[in-house]
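Now for the letters of each chain:
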Amino acid sequence: MINTYRYDGEMIATWINGRPRGRREQAEPIASFGGGHLVIPLWAGSAFHPGEMAEIVIYNASLDDSQRQRVETYLATKYALHGTPRWQ
């Protein structure tokens with residue numbers, strides 16, 4: 001599964017396997033990530049996802065949809081994720 005999160009300074013948007021899953025305004029601005037914990041197994045939305053994370057990619061700018069789709073396609077190919085990619 002490929003989980004994508006985008007924060008553009010005002011809006012948070014999420015995708016799972018290239019399909020939009022939701023958008024919401026961020027209540028308080030996030031100037032920088034000050035630490036914390038990434039919990040595995042992962043809960044994304046209301047779904048539980050046991051397993052391991054293969055890779056986390058973080059950019060210092062919000063990617064547009066075309067850039068995001070290229071990264072998702074690259075990761076799907078790199079990790080041989082089977083099934084029909086929903087982002088093509």
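Residues numbered from 1 in each chain as written. Predicted model: local features only at pLDDT ≥ 70, side-chain atom pairs only at ≥ 80, totals over all residues. Heavy atoms only, no water.

What about unusual backbone geometry?
Test applied: Helix and strand definitions follow DSSP, with helices as H or I runs of at least four residues and strands as E runs of at least two, each counted in order from the N terminus. Accessibility here uses a 1.4 Å probe with only protein chains present; expressed as a share of the type maximum, an area under 20% marks a residue as buried, one over 50% as exposed, and anything in between as partly exposed.
Although it is not a glycine, Asn 17 adopts a positive phi angle of roughly 50 degrees. With respect to the helices and strands, Asn 17 occurs in the loop between strand E2 (11-16) and strand E3 (19-25). When its relative accessible area of 22% is taken as the criterion, Asn 17 is described as partly exposed. Phi at Ala 80 is positive, roughly 50 degrees, even though this residue is not glycine.

Observations concerning the pairing of E2
Rules: DSSP bridges decide pairing: two strands pair if at least two such bridges lie between them.
Here strand E1 (residues 3-7) pairs with E2 via 5 bridges, running antiparallel. Its bridge partner being in E2, Thr 4 is matched across the sheet by Trp 15. Taken together, E1 and the strand that follows it, E2, pair antiparallel across an intervening segment of 3 residues, in which Gly 9 is found at a positive phi of about 100 degrees. In the sheet, E2 pairs with E3 via 6 bridges, with the strands oriented antiparallel. Each residue of the ladder has a partner; that of Trp 15, found in E3, is Pro 20. Counted along the chain from E2 to the antiparallel partner E3, the turn is 2 residues long, and its residue Asn 17 has a positive phi close to 50 degrees.

Examining the sheet that holds E3
As a general point, the strands of a sheet are linked pairwise by backbone hydrogen bonds and lie either parallel or antiparallel. Rules: For helices, the axis comes from a line fit to the C-alpha atoms of the stretch in contact; other axes are also lines fit to C-alpha atoms, and the angle between any two N-to-C directions lies between 0 and 180 degrees.
One open sheet accounts for 3 strands, arranged E1-E2-E3; its pairing is antiparallel. Two strands in the sheet have a free side with no partner beyond their single neighbour: E1 and E3. Pairwise comparison of adjacent strand axes, ignoring direction, gives a mean angle of 15 degrees for this sheet.

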